[in-house]
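# Overview (structure and organization)
Below, each chain spelled out in residue letters.
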There are 2 protein chains.
Amino acid sequence: MSRELTPRQREIYDFIRDNITTNHLPPTIREIGEKFGMSSTNSVRDVLNALQRKGFIKRRAGISRGIELTHSHTEEYRTIPLVGRIAAGAPITAIENIEDSFAVDKTFVPSGDIFALRVQGDSMKDAGIYDGDFVMVKKQSSADRGDIVVAVIGDEATVKRFYPEKGRVRLEPENPDYGPIIIEKKLPQFYIAGKVVGLMRRM
Amino acid sequence: MSRELTPRQREIYDFIRDNITTNHLPPTIREIGEKFGMSSTNSVRDVLNALQRKGFIKRRAGISRGIELTHSHTEEYRTIPLVGRIAAGAPITAIENIEDSFAVDKTFVPSGDIFALRVQGDSMKDAGIYDGDFVMVKKQSSADRGDIVVAVIGDEATVKRFYPEKGRVRLEPENPDYGPIIIEKKLPQFYIAGKVVGLMRRM
DNA sequence: TAAAATACCGCACAAATAGGCAGTTGTCAA
DNA sequence: TTGACAACTGCCTATTTGTGCGGTATTTTA
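Reference entry: report on the structure contained in this document. The model shown is predicted, which means the values in this text are computed figures rather than measured ones.

Applying the stated criterion to the full structure yields 28 salt bridges over all chains. A salt bridge links E165 of chain A to R170 of chain A, with the shortest nitrogen-to-oxygen separation between them at 2.6 Å. With its nearest N and O atoms 3.6 Å apart, the salt bridge here joins D14 of chain B to R10 of chain B. A residue pair is termed a helical-turn pair when its members lie 3 or 4 positions apart in one helix, as D14 of chain B and R10 of chain B do in helix α1 (residues 7–23) at four residues. The class of D14 of chain B is partly exposed, set by a relative accessible area of 24%.

In structure tokens form, the structure reads like this:
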């Protein structure tokens, strides 16, 4: 279906895309024609028809500026809640706990229930996770051995490597200055909030 | 200046906003009128004038669908080009070099000319920058001492710490396994592409 | 209480816009 | 060499759309 574009088609497609991002508005047929020095609206129409046939754009008949990108760069992001405090018992992404939220590219995080958390301390420094980093966490109550998880103990959330052992759980930091945390499995104030699937850092 | 909106104005403002997010297109004056059962375009114009005067929208005269939201809740993210190859001479973000692009929250990267680059190798491992990470780079041709920069040498881009010295530049890795790179300043095939301002990692 | 703002109607007009038909030229593959 | 496709010109039409002028009635503000 979607064959390759010719240079001309690519050029015009790019112009439409840029126009949308710059002016928040798709161009009219004549605007395209003027830009590329075409004196006939039909010249543009031919190209638009080609783009539509090849599946790159959609058009809404009779509507001004009714050009829409199919491979829409418009909705490639998700909004992820940034969790402030984490308290045992309360659901993590309860509205009361959401401090902020930000946009992340869809291809960057797996689908499903994701939240973000700000890392405190440098106990995971040798895993490249630093104080102040934001980790993207996929909500799940269990994890595989060796996964980096967000564990909640009482009212504190901590990022550590997860090692299940007989009757207990070992949470291993990635920093020789810190020792492991051992949790007896029965503890009700302990649970796994999720698995770390991504990281963002401002520098 | 921007006083409160009347219920009617709020209603119409919301409709415009919803229309943009749903149809990726602002409505025409008549579309608004139809929606709210107004038979005169002037009824709509009055409200639009009020919205403009109060600073909620901007209008582009003579242009169809030329309504723009000022407090744009639509644009909390930016699209950053992911640069594939980097070749000396050619402008980095030339279309030929752009491999992909992805959305990033606006609050996450500074404004200005930003591109993303995939890190190869672990020479910056002790700065928490790992093989396969994406770094966000602010385009600039110079940097401060100690900044982490993207330097282009010939056809290769490398991420290192920047130390200007007399008549030359020292690029320092953050990994004891690697030594510094020394560049004589005159070299034309060497330049600073930008400064690393952020990092993203998939895990 | 007067002035300003709000929220409408109705009509008219010009510009902007999409769409259509007929034809030309060059390229490229069957 | 024929035919499909790409990329155009030119001209015409119908619809869409923004804008302008002149109104009315009610509410809010100074």
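Before going further, it helps to examine the nonpolar core. Within the largest apolar cluster, 32 residues are counted, with the highest numbers of intra-cluster contacts made by I129, V135 and V159 of chain A together with I129, V135 and V159 of chain B. Among the secondary structure elements, those contributing two or more residues to this core are β5 (114–118), β6 (134–139), β7 (148–153) and β11 (190–202) of chain A together with β5 (114–118), β6 (134–139), β7 (148–153) and β11 (190–202) of chain B. Other than its neighbours up to four places away in sequence, V159 of chain B contacts S123, M124, I129, V135, I148, V149, V150 and V196 of chain B.

With that out of the way, let us pick up the protein's contact with DNA strand D. Taken together, 26 residues lie near DNA strand D, and T6, R8, S43 and D46 of chain A together with N42 of chain B sit nearest. Here the atoms of DNA strand D within 4 Å of the protein split so that 52% fall in sugar or phosphate, with bases taking the remainder. Between R8 of chain A and DNA strand D, the recorded distance is 2.7 Å, taken from a side-chain N or O atom to a phosphate oxygen. Every element with two or more residues in the surface near DNA strand D is listed here: α1 (7–23) and α3 (41–53) of chain A together with α2 (29–35) and α3 (41–53) of chain B.

All names here are of chain B. Within the element layout of this structure, D133 appears in the loop between β5 and β6. With relative accessibility at 2%, the residue D133 sits in the buried group. Reaching out from D133, the side chain makes a polar contact with the backbone nitrogen of Y130 at a distance of 2.8 Å. In contact with D133, not counting residues within four places along its chain, are L117, R118, V119, G128, L199, M200 and R201.

Calculation notes
Residues numbered from 1 in each chain as written. Chains lettered and ligands numbered in written order. Predicted model: local features only at pLDDT ≥ 70, side-chain atom pairs only at ≥ 80, totals over all residues. Heavy atoms only, no water. Salt bridge = Lys/Arg side-chain N within 4 Å of Asp/Glu carboxyl O. Helix = DSSP H or I, 4+ residues; strand = E, 2+ residues; numbered from the N terminus. Buried < 20%, exposed > 50% of the residue type's maximum accessible area, 1.4 Å probe, protein only. Core = buried A, V, L, I, M, F, W, Y, C linked by side-chain atoms within 4.5 Å. Contact = heavy atoms within 4.5 Å. Near = heavy atom within 4 Å. Polar contact = N/O pair within 3.5 Å; in protein donor to acceptor, adjacent residues only side chain to side chain.

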